[in-house]
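Residue strings, one per chain:
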Amino acid sequence: MHIAHRKEDDSGFQRLITHLENTANQAKKFANCFHNGDYAYACGMMHDIGKYAMEFQDKVINNSNARVDHSTAGAIEINKAFVSLGKLLAYCIAGHHGGLPDGGSKSDTAIETTLNGRLKRAMQLHDYSYFKNEINISECLPGRIPNIKPLNKGGFSLSFFARMIYSCLVDADFLDTERFMSMGKVVRSANYDYPFFNEKLNTYINEFKDMEREINQKRAEILNCCREKAQSERGLYTLTVPTGGGKTISSLAFAMKHVLNHDMERIIYVIPYTSIIEQTGKVFKEILGQGNVLEHHSNFDFKDDEDSILHKLKLASENWDIPVVVTTNVQFFESLFAHKPSRCRKIHNIANSVIIFDEAQMLPTPFLIPCLMAISELVRNYRSTCVLCSATQPSLKDRFPKEIAISEICENTDALYEFFRRTQVIYIGQMETTQIAAELNSCDQALCIVNNKKHAGEIYSALRGEGIFHLSTRMCPKHRSDVLEEIKQRLKDGQPCKVVSTQLIEAGVDVDFPVVYRAMAGIDSIVQAAGRCNRENKLEVGIVNVFEPESRYAQNMPSSIKRPIEVAKSIMTRYEDILSPQAIKSYFEELYDFEGEAGLDIHNIFKMMESGAEGCNFNFNFKQVAGQFKLIDENTVPLIIGLDEKAEELIYKLRYVSEFRGILRAIQPYSVNIFENEFNAMNGAGLIEIVNDGIYILRDIKKYNKKTGLEFTTESGVAIFA
């Protein structure tokens, strides 16, 4: 008998053939939702055949320290047996532990870690031929080509297919191993009772109906459009609804009814900022129940209570086996382009889902082409429906493949804009810091948004009177959250409230000021700033003053801010109302043309994958792409701040415990990201305590201002931005 796994307490063994069959059947079940179960089954049956080697058996039975490459064997065998597409599946098998490898080149030798290199290792592997006594490879192989309709030249489509099959394999492998090792004690159960969820949603909506108000009549009209359109076929949709139109609940109503009509599996909300996720997640949990909604982002603390709902959600975060997921652009797209098993397990559960991209204008410009191609694949080949949801809909229609049609859910976008229009944008020219501060000091309540932290700090220092606030990423998330709560309370109570902020306040923060000042920015940013003005329609019109900051604040400005500003200035010369749908459409068209293909795919990821299938070579550099597809710059270092007693308690634990993964998640709200040059300068000045690799604590709390956050700055580079 050949063994796959042995329990740590020696209480039992799992037969290898049992593990292979269990994994194959589970992987097949996963892939059946996009009609390719036979491909996942083949990978499942062959992924561990290298364990038939006696050297591996000695390792698992006698705890030998021998190193045995057990994943390359299956890759070699499937590549030989399945001549046409075996290499595609070989990626999945070879990478089921270490991650999807790069394809490399035909000249790679057996010492290379690329797939081409590993496929030449047959002579170096231990003898695993006993697998033939239990497995007939020809009976495991698919008898047809993959059930997908390739887009463009087909290379990206095939690489995406390989990722999907890989996801089915690694999740099935993990779950079967977990079941055996835990003796079934790990309970993974999700309640997919969508008729019940729909009833809960309808009850929630009915409780808030006040049809005497005209604004609620218009929101009901939008809601009805969403419900009616939900009966349409799977596909790609836009939902263009102005701020105040109730798009969060209306989009959920669309998703819920669409899932019911088409027997789909889950609802996924993809949102650019954690602040919006927390707001959205709170609403959805209130409607559907806490245990049915997963918030998956860096700031969410699952804690370590084995009996709690949070433990169930923690398990669901591994593979998204839950009815509703609310996550970030970063988590969603980086997973789709990842290569490690832990990041890829969830990908197959994106298939046959309704995916809502909230604030679609925030799709990352430097990665726009690969992101749109991934969305296209989900719609075309994986039975998903995607909705691009925004008040400022980006002009994307011509950037999707011709096979992907887009349909607007609420077609009367111009009429909706006019109805919900409650602000006026006025360009007031160049303003010095002292002038802006004087204007703010003359207001009872006002918001000023600028493009960098230095500018925000200098305006803030010139403000006078009570109720003055500063917001920037120099403040840790917990600090910002506390300040925002105080701001909201003062606005609600009608007390003086003057706020200077970087653009972080535009990220779905629910505040309402009578007047807003915005440093010149892209039209999308100006629209977001306008969303913080007269939000509750208390005034006939709210004023958004757009000004040009002094030139010294534009020094070292990143091109990601410069280019939108240049395009916005062009739009302002041609459109009287720069918030109109026509102006926004022109803005995005010109911005994307300005960026060009190189600016919309800065690492050439789409072309790299598209060319990987040329000559049926299937040379896809999965590992390389995973390293390049990073939506957040990684040249920053998190610095932990001892802001309050809870932070100090967590810091104490970090210093004295050996397992601190859960503590790190809990302490994230107390960290500030600083650039590497700042880190080096602060560390050189003795201001940083290094607890462990990657765990850094601010030694001198006096360097953290309770009003403005971290005060140590460097004057060079882009550290002053955001």
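Conventions adopted
- Residue positions are given per chain, counting from 1 as you read along its sequence in written order.
- Whole-chain, interface and lining totals are the exception, using all residues; otherwise, since this is a predicted model, local features are given only for residues with pLDDT of at least 70 and side-chain atom pairs are given and counted only at 80 or more.
- Side-chain figures throughout are based on the complete set of non-hydrogen atoms in the structure, without hydrogens or water.
- Secondary structure counts use DSSP, requiring at least four H or I residues in a row for a helix and at least two E residues in a row for a strand, with both numbered from the N terminus.
- In this analysis, two residues are considered to be in contact whenever any of their non-hydrogen atoms come within 4.5 Å of each other.
- Whether two strands pair depends on DSSP finding at least two bridges between them.
- Simply put, an axis is a line fit to the C-alpha atoms, just over the touching stretch for a helix, and the angle between two N-to-C directions goes from 0 to 180 degrees.
- Pairing of aromatic rings covers Phe, Tyr and the six-membered ring of Trp, with a centre-to-centre limit of 6.5 Å; geometry is then stacked below 30 degrees between planes, edge-to-face above 60, and tilted otherwise.
- A simple rule labels every residue: compare its accessible area, found with a 1.4 Å probe on the protein chains alone, to the largest value its type can have, and call it buried under 20%, exposed over 50%, or partly exposed in between.
- Note on geometry: a ring has a charge over it if NZ (lysine) or CZ (arginine) is within 6 Å of the ring centre and within 35 degrees of the ring normal.
- Every helix has an expected span of 1.5 Å times one less than the residues it contains.
- Of all possible arcs, the one meant is that of the directions from the helix axis to the C-beta atoms.
- Just to be clear on terms, a salt bridge is a Lys or Arg side-chain nitrogen sitting within 4 Å of an Asp or Glu carboxyl oxygen.
- Throughout, nonpolar core names a set of buried Ala, Val, Leu, Ile, Met, Phe, Trp, Tyr and Cys residues whose side chains join them through atoms within 4.5 Å.
- Under this definition, polar contacts are N or O atom pairs within 3.5 Å; protein pairs additionally need one hydrogen-donor-capable and one acceptor-capable atom, and for neighbouring residues in sequence, both atoms have to be side-chain atoms.
- An angle below 35 degrees is treated as roughly parallel, one above 145 as roughly antiparallel, one from 65 to 115 as roughly perpendicular, and anything else as oblique.
- Less than a right angle of anticlockwise turn of the near helix away from the far helix marks a crossing as left-handed, whereas a clockwise turn marks it as right-handed.
- Gly is placed with the polar residues, together with every amino acid not listed as nonpolar (Ala, Val, Leu, Ile, Met, Phe, Trp, Tyr, Cys and Pro) or charged (Asp, Glu, Lys and Arg).

Following the sequence through the fold, Met256 ends up in helix H11 (residues 247-262). For the pair Met256 and Asn198, spaced 58 residues apart in sequence, the C-alpha to C-alpha distance is 6.3 Å. Apart from residues no more than four positions distant in its own chain, Met256 is found in contact with Tyr194, Phe197, Asn198, Leu201, Ile267 and Leu288.

An order of S17-S16-S19-S18 is seen for the four strands of this open sheet, with the pairing classed as mixed. Here the strands that pair on one side only, and so sit at the sheet edges, are strand S17 (671-675) and strand S18 (688-692). Neighbour-to-neighbour, the strand axes of this sheet turn through a mean angle of 40°, independent of strand direction. Sheet topology places S18 next to strand S19 (residues 695-698); four bridges connect them, and they run antiparallel. When the bridges of S19 are listed, Ile688 appears paired with Leu698. Helix H28 (residues 676-684) contacts strand S16 (636-640), S17, S18 and S19 of the sheet and is inclined by roughly 100° relative to S17.

Phi is positive for His35, which is not a glycine, with a value near 60°. Note that His35 resides in the loop between helix H1 (16-32) and helix H2 (37-46). We note that Asn604 has phi near 60°; this positive angle belongs to a residue other than glycine. Mapped onto the secondary structure, Asn604 falls in the loop between helix H23 (581-600) and helix H24 (605-610).

Bringing the packing of aromatic side chains into the picture now. The way to describe two aromatic rings as a pair is by their centre distance and the angle between their planes. Counted according to the given criterion, the structure contains 29 aromatic pairs. Centroid distance Tyr91 to Phe620: 6.3 Å. Interplanar angle 50°. Geometry classified as tilted. Residue Tyr91 is located in helix H5 (residues 86-94), and its partner Phe620 is located in the loop between H24 and helix H25 (622-628); the two are separated by 529 residues in the primary sequence. Like Phe620, Tyr91 is buried. Residues Phe588 and Tyr592 carry aromatic rings whose centres are separated by 5.8 Å and whose planes lie at 40° to one another, so their mutual orientation is tilted. Highlighted residues: Phe588 and Tyr592, both in helix H23, separated by four residues, approximately one helical turn. Take Phe588 and Tyr592: they sit in the same class, and that class is buried. An aromatic cluster is built from Phe34, Phe156, Phe160, Phe337, Phe367, Tyr382, Phe606 and Phe629, whose rings are joined through pairwise contacts. Lying across the ring of Phe174, Arg345 places its NZ or CZ 3.9 Å from the centre.

What follows concerns helix H20 (residues 477-493). With 17 residues, H20 extends 24 Å from end C-alpha to end C-alpha; this agrees with the ideal 24 Å at 1.5 Å per step. Looking only at H20, the buried set comprises His479, Arg480, Val483, Leu484, Ile487, Arg490 and Leu491. Projected down its long axis, H20 shows its buried positions confined to an angular sector of 130°, all on one face. Just downstream of H20 lies Gly494, where phi reads positive at about 75°.

Of all five residues that make up strand S14 (residues 515-519), five are buried, and the element is covered over most of its length. The two faces of S14 match: Val515, Tyr517 and Ala519 on one face and Val516 and Arg518 on the other face are all buried. Pairing of strand S11 (residues 445-449) with S14, which is carried by three bridges, proceeds in the parallel orientation. In the strand pairing of S14, Cys448 is matched with Tyr517.

Glancing now at the pattern of salt bridges. Pairing of side chains with opposite charge becomes possible as their charged atoms draw close. All told, the structure shown has 35 salt bridges when counted by the stated rule. A salt bridge links Asp38 to Arg144, with the shortest nitrogen-to-oxygen separation between them at 2.8 Å. Here Asp38 is found in helix H2, whereas its partner Arg144 is found in the loop between helix H7 (137-140) and helix H8 (155-182), with 106 residues between them in sequence. Under the relative-accessibility criterion, Arg144 is labelled partly exposed at 34%. As a salt-bridge pair, Asp321 and Arg266 come within 4.0 Å of each other at their nearest N and O atoms. Here Arg266 lies in strand S4 (residues 266-271) and Asp321 lies in the loop between helix H13 (309-319) and strand S6 (324-328), a separation of 55 residues in the sequence. A single salt-bridge network, built from bridges that share partners, covers Asp171, Glu178, Arg188, Glu318 and Arg345.

The next thing to look at is the side chain of Ser353. Along the polypeptide, Ser353 turns up in strand S7 (residues 353-358). If we ignore the near neighbours within four places in the chain, the residues touching Ser353 are Met264, Arg266, Ile268, Arg383, Ser384 and Thr385.

Our focus in this paragraph is helix H21 (residues 523-530). Of all eight residues in H21, seven are buried, a share of seventy percent or more. All of the buried residues along H21 are Ile523, Asp524, Ile526, Val527, Gln528, Ala529 and Ala530. On its buried face, H21 is in contact with strand S10 (423-430), S11, S14, strand S15 (542-548), helix H22 (559-574) and H23.

Right, let's get into the sheet that holds S11. With respect to topology, six strands assemble into an open sheet ordered S10-S15-S14-S11-S13-S12, the strand pairing being parallel. The open sheet has two free edges, formed respectively by S10 and strand S12 (468-471), since each of these has just one partner strand. The average undirected angle you get between the axes of adjacent strands in this sheet is 15°. In terms of strand pairing, S12 meets strand S13 (residues 497-501) through four bridges, oriented parallel. Each bridged residue has a counterpart across the sheet, and for His470 the counterpart in S13 is Val500.

The biggest cluster of nonpolar side chains holds 175 residues, and the ones touching the most others in it are Ile165, Phe332, Leu336, Phe357, Leu378 and Ile487. Considering each element in turn, this core owes the most residues, 13 residues, to H8. Discounting chain neighbours no more than four positions away, the residues touching Ile165 are Ala31, Phe34, Asn36, Tyr39, Ala40, Cys43, Leu89 and Cys92. Membership of the second largest hydrophobic core comes to 40 residues, among which are Ile249, Ala255, Val387 and Leu416.

The next subject is the environment of Leu294. Looking at where Leu294 falls in the secondary structure, it is placed in strand S5 (residues 293-296). Sequence-wise, Leu294 and Gln331 are 37 residues apart; in three dimensions their C-alpha atoms are separated by 13 Å.

Below, the discussion takes up the side chain of Asn534. You can see Asn534 is positioned in the loop between H21 and S15. The buried category is assigned to Asn534, whose relative accessible area is 2%. At 3.0 Å, the side chain of Asn534 forms a polar contact with the backbone nitrogen of Lys538. Residues within four places of Asn534 in sequence aside, it is in contact with Arg422, Thr423, Asp512, Phe513, Leu539, Glu540, Val541 and Gly542.

Where H22 contacts H23, the two axes come as close as 9 Å, and the packing angle between them is 140°. With respect to H23, the axis of H22 lies oblique. Crossing of H22 over H23 shows right-handed handedness. When H22 is examined against H23, the residues Arg563, Pro564, Val567, Ala568, Ser570, Ile571 and Arg574 are found in contact with a partner set consisting of Ala583, Ser586, Tyr587, Glu590, Leu591, Phe594 and Glu595. Considered class by class, the residues forming the contact of H22 with H23 number eight nonpolar, two polar and four charged.

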